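# Close look at the chain arrangement
Residue-level listing of the chains:
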Amino acid sequence: GAVVSQHPSRVICKSGTSVKIECRSLDFQATTMFWYRQFPKQSLMLMATSNEGSKATYEQGVEKDKFLINHASLTLSTLTVTSAHPEDSSFYICSARDTGYSGNTIYFGEGSWLTVV
Amino acid sequence: GESVGLHLPTLSVQEGDNSIINCAYSNSASDYFIWYKQESGKGPQFIIDIRSNMDKRQGQRVTVLLNKTVKHLSLQIAATQPGDSAVYFCAEMVQGAQKLVFGQGTRLTINP
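About the criteria used
- Residues numbered from 1 in each chain as written.
- Chains lettered and ligands numbered in written order.
- Predicted model: local features only at pLDDT ≥ 70, side-chain atom pairs only at ≥ 80, totals over all residues.
- Heavy atoms only, no water.
- Pairing = 2+ DSSP bridges.
- Helix = DSSP H or I, 4+ residues; strand = E, 2+ residues; numbered from the N terminus.
- Axes fitted to C-alpha atoms, helices over the stretch in contact; angles between N-to-C directions.
- Buried < 20%, exposed > 50% of the residue type's maximum accessible area, 1.4 Å probe, protein only.
- Contact = heavy atoms within 4.5 Å.

### Notes on the sheet that holds strand S8 (residues 76-81) of chain A
Residue and element names in this part refer to chain A. The strand order S1-S3-S8-S7 describes an open sheet built from 4 strands, whose pairing is antiparallel. In the strand order of this sheet, the two ends are held by strand S1 (4-7) and strand S7 (67-73), each with one partner. Each strand of the sheet is rotated relative to its neighbour by a mean of 15°, with strand direction disregarded. Pairing of S7 with S8 involves 5 bridges; the strand directions are antiparallel. In the strand pairing of S8, Ile69 is matched with Leu79.

### Some points on the pairing of strand S10 (residues 106-111) of chain B
On any regular strand, side chains alternate: one points to one face of the sheet, the next to the other face. Residue and element names in this part refer to chain B. Along S10, the buried face is formed by Thr106, Leu108 and Ile110; none of Arg107, Thr109 and Asn111, which line the opposite face, is buried. Here strand S8 (residues 86-94) runs beside S10; their pairing, made up of 3 bridges, is antiparallel. Bridge assignment links Tyr88 to a residue of S10, and that residue is Thr106.

### Observations concerning the sheet that holds strand S6 (residues 62-67) of chain B
Residue and element names in this part refer to chain B. Judged by pairing direction, the sheet is antiparallel, and its 4 strands sit side by side in the order S2-S7-S6-S5 without closing on themselves. Where the open sheet ends on each side, the last strands, each with one partner, are strand S2 (19-24) and strand S5 (56-58). Averaged over neighbouring strand pairs, the angle between their axes works out to 15° when direction is ignored. Strand direction decides the pairing type here: S2 and strand S7 (residues 72-77), joined by 6 bridges, are antiparallel. Bridge pairing in S7 links Ser19 to Ile77.

### Some points on the environment of Ser26 of chain B
Residues and elements named next belong to chain B. Note that Ser26 resides in the loop between S2 and strand S3 (30-38). C-alpha of Ser26 to C-alpha of Thr109: the two residues are 83 residues apart in sequence and 26 Å apart in space. Filtering out sequence-adjacent residues up to four positions away, Ser26 remains in contact with Lys71 and Glu92.

Structure representation (structure tokens):
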């Protein structure tokens with residue numbers, strides 16, 4: 001079946017540095033990918049919608065200059081957390097929409113744990 | 001951002017019993033709903049979906065009920081097993097917006 005892969009699964013970075021998380025659709029093309037953030041014991045919060053070849057659409061309250069999203073190909077979207085701070089530590093999850101033969105199905109990655117120290 | 005949740009409510013059931021997890025969705029324009037299961041430290045796993053032109057859909061051991069009048073969704077799990085222990089989220093897709101918004105979530109705990 002369709003698989004969405006995230007890398008890295010866990011990352012620790014120093015405060016003030018930037019970190020990039022990749023989201024790949026492995027066996028389908030995804031014109032649209034979504035980035036979520038999840039704090040412990042809370043729900044998934046949609047951060048932005050990533051569209052291949054165009055600018056991402058950010059949800060209200062999400063800083064676009066802090067969370068840079070690039071969707072340069074039909075199988076890859078990246079989220080870069082710039083100038084990371086401890087409060088950015090969270091579980092980041094991407095999902096991808098398969099608009100191919102299987103219809104309007106959304107698949108989720110396994111998530112990436114970010115710890116900023 | 002959307003759907004910032006409070007601490008998760010918990011449902012405890014005996015192994016072998018049926019579980020019913022409820023969800024109130026927010027947007028009357030939503031026309032597609034999905035239930036996800038999330039185990040600790042992992043991404044959401046698709047369970048079952050339903051479109052707004054239906055009020056019931058059954059899968060293997062799971063049933064989703066949709067009541068559009070009161071904007072309520074439920075997930076019924078038959079003969080609950082230890083492997084069903086997880087957090088369950090409902091998600092709604094807003095018509096035309098093409099984005100999936102998650103509800104609060106419920107932690108399901110199975111007692112032996």
